[in-house]
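Residues per chain, in single letters:
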Amino acid sequence: MALTHRLGAALAALSLAFTAQAAEKIVIGQSAPLTGSNAELGKDIRDGALAYFRKVNGAGGIHGRMIELVTIDDHNDRKTAGANAVKLVNQENAVALFGFPSTTLSLDAMPIVKEKHVPFFAPFTGADAIYHQNPYVFAMRASYADELTKVLEHWGDLGLTRVTVIHYDDQIGNANYATVERIMKAAGKKPVGVKLLRNKDVTPAQIQEIIKSDPEIIVGTTSYASTAEVLKMLHAANRPYNMTTLSFVGPSQLAKVAGIDAAGVSVSGVVPPPTKLTVGVVKECAAALRAASLPPLNYTNLESCIAAKVLVEAIRRGGREVTRESVYRGLQALNGYDVGGYTVTFGPDIRHGSHYVELAVIGKDGKFKF
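On a predicted model such as this, the values are computed, not experimentally measured, just so you know. (Residues numbered from 1 in each chain as written. Predicted model: local features only at pLDDT ≥ 70, side-chain atom pairs only at ≥ 80, totals over all residues. Heavy atoms only, no water.)

Now for the sheet that holds strand β3 (residues 96–98). Taken in spatial order, the 5 strands make up an open sheet running β2-β1-β3-β4-β5, and their pairing is parallel. Both edges of this open sheet fall to β2 (67–73) and β5 (137–138), since each of them pairs with a single strand only. The pairing of β3 with strand β4 (residues 120–121) spans 2 bridges and is parallel. Directly across from Leu-97, in β4, lies its bridge partner Phe-120. (Pairing = 2+ DSSP bridges. Helix = DSSP H or I, 4+ residues; strand = E, 2+ residues; numbered from the N terminus.)

Here's what the structure looks like:
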């Protein structure tokens, strides 16, 4: 009788332990601009991940545990994003930080990431300044160097070599210009740089500087708000130059904000175009966003949805006990992981998961042609 009682008590305790584990959520932390400048980008990054996590939760979660995405508004402010990272790690007990929307918004998170060994996954940036911070940073997307090489090869093949780069006058913006300069120097050419101020209006003097440079092609490395201003002001001056933007612009946001002035602009994408529904993961993410009653698929929420799928796979591979260490192990185990027409590779010494770049053109209807 006593043995039976003890066995029954042990089984009951074991059952309660499993129930507690199943009830315990897997917290993924995110800081993003949900208000202020770049809010469109921040909301799309949140929504893409939210849609995929909801899909996973609807199918029973991971090892029976639900995923909770905790997103805190940083108002596009660097120090606020850093403070948010500390809160997400220390108070929310996030097992990973996910989808911080830029290098600037990521840099002040690095001390807590390094101190607490928190995987910092899929920041929306291709800048080397964030890629090599510490071994806990796993960047999924192609680098800006990858994108710029593709862009310059495209226009070079068409015989266009006079390049003007619009970029922010800060650490990251100047580094982007330096990358173009380095690539073109190898071909005996030199670009012109026109500096803009982050979170400030474009001025007529800056537009005149672009016009004075007499470009055959403008390479845009600024956010959608600044790039849209440049396009509108150049068209008002009757100077509709060829323009290609890096993915950082937020191609879908640019098409929306610039409207007809964006027609003909080519954009660099680090994921397939959102209209390319023949690609398995594009179709899957479009369905996930519809099922979650979220805005339609675009470049940004697609990239975030793909990143969320990769993170889910890493969590699964890390084992049943989900911790920061297990997620770290799981990410390193993703060698040649095909999410459905898009392949990601990480490893013990590999922190840059993809070099995928594809160019598309914004049509008069705001849709992307490829």
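Moving on, we come to empty space enclosed by the protein. Empty space among the atoms can be located by rolling a probe the size of a water molecule over them. Summed over the entire model, instances satisfying the criterion amount to 3 cavities of 30 Å³ or more. Estimated volume of the largest cavity: approximately 110 Å³. Lining the largest cavity we find 15 residues, and of these Phe-124, Arg-141, Ser-247, Thr-300 and Glu-303 sit closest to its centre. With 3 residues, the single largest contributor to the lining of the largest cavity is helix α13 (residues 299–317). Of the residues belonging to the lining of the largest cavity, the class tally is 8 nonpolar, 5 polar and 2 charged. Of all the elements in the fold, those that place two or more residues in the lining of the second largest cavity are α4 (103–107) and α8 (171–185). Here the lining of the second largest cavity is composed, by residue class, of 4 nonpolar, 7 polar and 1 charged. (1 Å grid on protein atoms, 1.4 Å probe; cavity = no way out; pocket = protein on both sides within 12 Å on 5 of 7 lines; lining within 4 Å. Points joined across faces, edges and corners; volume = space filled by probe spheres on them. Nonpolar A, V, L, I, M, F, W, Y, C, P; charged D, E, K, R; others polar.)

The next point concerns the layout of surface pockets. Looking at the largest pocket, its volume works out to about 490 Å³. Lining the largest pocket are 21 residues, and of these Ser-252, Lys-256, Pro-296, Leu-297 and Asn-298 lie nearest its centre. Among the secondary structure elements, those contributing two or more residues to the lining of the largest pocket are α2 (39–58) and α11 (251–258). For the lining of the largest pocket, the leading source of residues is α2, giving 5 residues. Taken together, the residues that form the lining of the largest pocket break down as 9 nonpolar, 5 polar and 7 charged. Roughly 240 Å³ of internal volume is contained in the second largest pocket.

Attention shifts here to the state of the cysteines. Within the structure shown, the criterion is met by 1 disulfide. Between the sulfur atoms of Cys-285 and its disulfide partner Cys-305 the distance amounts to 2.2 Å. As the torsion about the S-S bond is roughly -90°, the Cys-285-Cys-305 disulfide counts as left-handed. Taken together, the positions of Cys-285 in helix α12 (residues 280–291) and Cys-305 in helix α13 put the pair 20 residues apart, joining distant regions of the chain. With a relative accessible area of 0%, Cys-305 lands in the buried category. (Disulfide = S-S within 2.5 Å. Buried < 20%, exposed > 50% of the residue type's maximum accessible area, 1.4 Å probe, protein only.)

Tallying each qualifying case throughout the model produces 17 salt bridges. In this structure, the salt-bridge partner of Asp-261 is Lys-232, at a minimum N-O distance of 3.5 Å. With Asp-261 in the loop between α11 and β10 (266–269) and Lys-232 in helix α10 (residues 224–236), the pair connects residues that are 29 residues apart, well separated along the chain. For Asp-261, a relative accessible area of 16% gives the class buried. Residue Lys-232 is classed as partly exposed on the basis of its relative accessible area of 38%. Three or more residues are tied together by salt bridges with common partners; here these are Lys-55, Glu-284 and Lys-309. (Salt bridge = Lys/Arg side-chain N within 4 Å of Asp/Glu carboxyl O.)

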